[in-house]
Each structure stands twice: as structure tokens, then as C-alpha cells.
Amino acid sequence: MQVLVCPKCGMPIRMESLACPHCETPVMFDPGLRTMVALDDDAEAGDLAPCANRTMLCNWAVPREGEQHLCFACRITRRRPDGGDPASLDRLAVASQALRRLLVGLADLDLPIVPFWVQQGGLAFDLLDSKGGDQNVVIGQANGVITIDLAESIDAHREAQRVNLGEAYRTMLGHFRHEVGHYYSWQLVEKPGGPVLDECRELFGDERASYQEALDKHYSSGSPAGWANDYISEYATMHPSEDFAETFAHYQHIVATLSTAAEGGLQLVPPPGTHYCNRTIAPRASYADVPFDVVLADWRWVAIFLNRANHSMGKEDLYPFRIPEPVVAKLEFMHRVVIAAHTSKPFVEDVAGIPATLSCTA
Ligand SMILES: [Zn+2]
Ligand SMILES: [Zn+2]
Ligand SMILES: [Zn+2]
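Residues numbered from 1 in each chain as written. Chains lettered and ligands numbered in written order. Predicted model: local features only at pLDDT ≥ 70, side-chain atom pairs only at ≥ 80, totals over all residues. Heavy atoms only, no water.

> What is the right way to read the domain arrangement of the protein chain from this model?
Accessible area lost on assembly of the parts is the figure often given for the size of an interface. Domain assignment breaks the protein chain into domain 1 (1-70) and domain 2 (76-358). For domain 1 and domain 2, the distance between their C-alpha centroids amounts to 26 Å. If you look at the interface, domain 1 gives 14 residues, while domain 2 gives 18 residues. In total, domain 1 and domain 2 occlude about 1,500 Å² of area from one another, counting both sides; carbon and sulfur atoms represent 58% of this. Considering only the side of domain 1, the residues that lose the most area to domain 2 are Met1, Arg34 and Met56, jointly responsible for 40% of the buried surface there. One salt bridge connects Arg34 with Asp108, and the closest N-O pair in it is separated by 2.6 Å. Here domain 1 and domain 2 share 5 residue pairs in polar contact (both at pLDDT 80 or more) between them. Partitioned by chemical class, the residues of the side of domain 1 that touches domain 2 number 9 nonpolar, 3 polar and 2 charged. (Domains from an automatic or database assignment. Contact = heavy atoms within 4.5 Å. Buried area = accessible area lost by both parts, 1.4 Å probe. Salt bridge = Lys/Arg side-chain N within 4 Å of Asp/Glu carboxyl O. Polar contact = N/O pair within 3.5 Å; in protein donor to acceptor, adjacent residues only side chain to side chain. Nonpolar A, V, L, I, M, F, W, Y, C, P; charged D, E, K, R; others polar.)

> So what exactly am I meant to see when it comes to unusual backbone geometry here?
Excluding glycine, most residues fall at negative phi; most peptide bonds, likewise, are trans. The phi angle at Arg34 is positive, at roughly 55°, despite the residue not being glycine. On the secondary structure map, Arg34 appears in the loop between strand E1 (27-30) and strand E2 (35-38). At Asn143, a residue that is not glycine, the phi angle is positive and equals roughly 50°. Along the chain, Asn143 turns up in the loop between strand E7 (140-142) and strand E8 (145-149). (Helix = DSSP H or I, 4+ residues; strand = E, 2+ residues; numbered from the N terminus.)

> Is there a simple way to explain the pattern of salt bridges in this structure?
For side chains of opposite charge, pairing can occur when their charged atoms come near one another. One pass over the full model with this rule turns up 18 salt bridges. Notably, a salt bridge pairs Asp126 with Arg79, separated by 3.6 Å at the nearest N-O pair. Separated by 47 residues along the polypeptide, Asp126 in strand E6 (residues 124-128) and Arg79 in strand E5 (residues 77-79) bring together distant segments of the chain. Judged by its relative accessible area of 2%, Asp126 is buried. (Buried < 20%, exposed > 50% of the residue type's maximum accessible area, 1.4 Å probe, protein only.)

> Help me understand the coordination of the zinc ion (ligand 1), please; the structure alone is not making it clear to me.
By definition of the ideal shapes, four donors in a tetrahedron about a metal sit 109.5 degrees apart, and six donors in an octahedron sit 90 or 180 degrees apart. Of the protein atoms, only Cys6 (SG), Cys9 (SG), Cys20 (SG) and Cys23 (SG) coordinate the zinc ion (ligand 1), at distances of 2.2 to 2.3 Å. Given 4 donor atoms and angles of 106 to 115° at the metal, the environment of the zinc ion (ligand 1) is assigned as tetrahedral. Of note, the donors binding the zinc ion (ligand 1) are all from one chain and are spaced C-x2-C-x10-C-x2-C. On the criterion of sequence distance, the pair formed by Cys6 in the segment before E1 and Cys20 in the segment before E1 is long-range, its members being 14 residues apart. Taking the relative accessible area as the measure of exposure, Cys6 reaches 2% and is therefore buried. (Donors = N, O, S within 2.8 Å, 3.2 Å for Na, K, Ca; no water. Tetrahedral: all angles 85-135°; square planar, octahedral: opposite > 155°, others 65-115°.)

> So what exactly am I meant to see when it comes to the pairing of E1 here?
Walk down a regular strand and you will see the side chains alternate between the two sheet faces. Residue alternation in E1 divides its side chains into two sets, Val27 and Phe29 and Met28 and Asp30, and both sets are buried. Here 4 bridges tie E1 to E2, and the two strands are oriented antiparallel to one another. When the bridges of E2 are listed, Met28 appears paired with Val37. Connecting the antiparallel pair E1 and E2 is a turn made up of 4 residues, with Arg34 showing a positive phi of about 55°. (Pairing = 2+ DSSP bridges.)

> I keep staring at the nonpolar core and nothing clicks. Help me out?
Nonpolar side chains in soluble globular proteins generally cluster together in the buried interior. In this structure, Trp60, Leu103, Tyr184 and Ile323 are the most contacted members of the largest nonpolar core, which totals 85 residues. Top element by residues in this core is helix H3 (residues 86-108). It accounts for 9 residues. Among all residues touching Leu103, those that are not within four sequence positions of it are Trp60, Phe72, Ala73, Ile76, Ile113 and Phe347. (Core = buried A, V, L, I, M, F, W, Y, C linked by side-chain atoms within 4.5 Å.)

> Sorry, what's going on with the sheet that holds E6 here?
On the basis of which strands lie adjacent, the open sheet formed by 4 strands has the order E5-E6-E8-E7 and mixed pairing. Taken across any chain shown, the strands that pair with only one partner, and hence form the sheet edges, are E5 and E7. Each strand axis lies, on average, 30° off the axis of its neighbour in the sheet, ignoring direction. The pairing of E6 with E8 spans 5 bridges and is classified as parallel. Bridging across to E8, Ala124 finds its partner in Val145. Contacts from H3 reach E5 and E6 within the one sheet, and its direction differs from that of E6 by about 155°. (Axes fitted to C-alpha atoms, helices over the stretch in contact; angles between N-to-C directions.)

Rendered as C-alpha cells:
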């Protein structure tokens, strides 16, 4: 993620910001260039206008002259609470921030984001609230539609779930990155089939295995002993599809965080006598043209540093995972799948914009 700075004073600024915390200039995020632009100055904003959902904390911009008053992220949200419950709308605003960060991460990876209005089975997000009256809200992905339970944006609820399920990490962004993994598994691996699907099944198992049986087994007898030697998380042991989605989420976590470190100018010089690492680690903004072992070597050391930084603040690991060799192979597969799907225009607005890698309809 490139460093976003206030267009007026140049201070670094959060992607979610509506105004610069330093000089208070109202800002909006231009998803096309992935930069911040000032909102109070027509000359600065150029041909951009704020998304109509700005009152719901959306800071994205839309073309001023275009027909759309809602940004890409708000339009790809297919269903949302109807507005009757202010608490639901607060949760929606929090979840939508994670959705926008997901989309920026995918765009940083040059992955095509084909929405439901462009293609049957395109991406859509149903952001529903089990605590706000929506019935049977189950987080998941089916035919491109990703359902997220807005209750997960309540810190106390999500943390209780995390502890109950014995998870090391549970965030709204993590949910989005996992679920979109199911979508890309379908689009980039299962649909094309052939060697990529064969290799995927070698690594992850056969995704056609009964999901219900796997689910029953997972919750009745738990995970296999020694699972951490083969999987990135306990949940990944449940079914080949879940292993893929968990691994895909990790690929996003890793490259997004490395990119942020790179854009922030981070370089790590290991102290003398460090056997684990004997070179200066300079993370890259993009790893698209290097093999995965470069990603991994950088990440292992950066993650150690970030974990130590967290410990200094009295927090647990930022990245509470270890990556055993079988998971390295799975992540390496993700790296190749993502690179093969590269497109120069990630936010697809019409059929002509669908890249060839996603245009097969099998
Ligand atoms: Zn400023
Ligand atoms: Zn918006
Ligand atoms: Zn899943």
C-alpha cells in the first residue's frame, strides 16, 4: 500500500480518513490513482467528487461528470441494512472500511475485480447484520456473492468468537480476504481447470470433497494432530477449499504489509551475529517480478520485527503464525496464480474491461 499523504500539508494519512488529522483539510481517496485528494478545492479535486455515501464514512471519490454517485466499493455492496437501525449503519460503516481496504489490496496485486453488474457470477458483497434483524447470516461465498456478518465489526463479539474458536487472529479485513479467496479459487483455478487445477488439488486436496462431512468432522473430532506442520491455521484443516481461502488470505496479508513497509521506506539491518538473516532486508512495493522465495525471505524477517514492535507496546504478535514448508509451497502457488491474472485496470466497470484471464465461462 503506497503511503497516502495529505495533499495540503504532506502528513501521512490513513486510507480511511475523511480529513487530515493534522491540518483538517477534508480529503477523499481516488481509487483510480490510489492517492488522496483535497475535497475543499475544486482545482485540487479536478474531475472528482465525493461518493454519495460520505455521510456513512465512505471517503472514496467518483468522477464528477459520471452517472454514478456511489463509488465502486459502495456499488459492489449489493445488500446492506435498510437504514432503520442506526447501530447497524455504524457497523456497516466499519465493515465498509475493511471492504475498501480489501479492494485496494486486490488492486495493488493487479487482480481483476469484476463486479456483479458486469458479469454473471461477478463479485458482490452482502453486508448483513445478524444483530440487526437479518436472519440466517452466514459468512461465506457462493457464486461470487460474499456474505459478511456486520456483527463481526463489534469488537467484543468478534474477540469472543476468536477466543471461543481458539483462533490466533480474527479481523474484519481477514474475513474479507478469506472469502475473496473462495471467489478467486473458483475464477482463477477451478474455471480454467487443466494443469493449474491439477496442481491445486495436489497441494490443497480435492475441493469437490463433501463440505458437510468435513464440517461435521471438524466440529466433532477437531483438527488432526500436528496440523501446524502442514497448514497455516487450524481452520484451514477443515476442507481443501478452506485451506485455499486461508492461504490466499495470508498471501494478501503478507504482500500488503510488505508493500506498506516498502512504501514507508523501512529497511532492516540485522544485528551482527544474527544467523537467521545476514543481509539488509529492503521490502518491495511489488513482488510481481520476483520468485516467491524473495517474498518469504523478506517477510520472515519483517514479521519478526513487527511482532517485536507489538511486544514493545504490550500487545501480542502482529502476525501470530508460522509458515511451515508445506505452506510455503501453497503460498508459492498463490504467488504464481496471482501473477498470471495480472491486469492493468483492476476495477472493471464494463464487459470490455474483463481481462482475458477471466473471460472464460466454463
Ligand atoms: Zn494535512
Ligand atoms: Zn463509497
Ligand atoms: Zn471459507
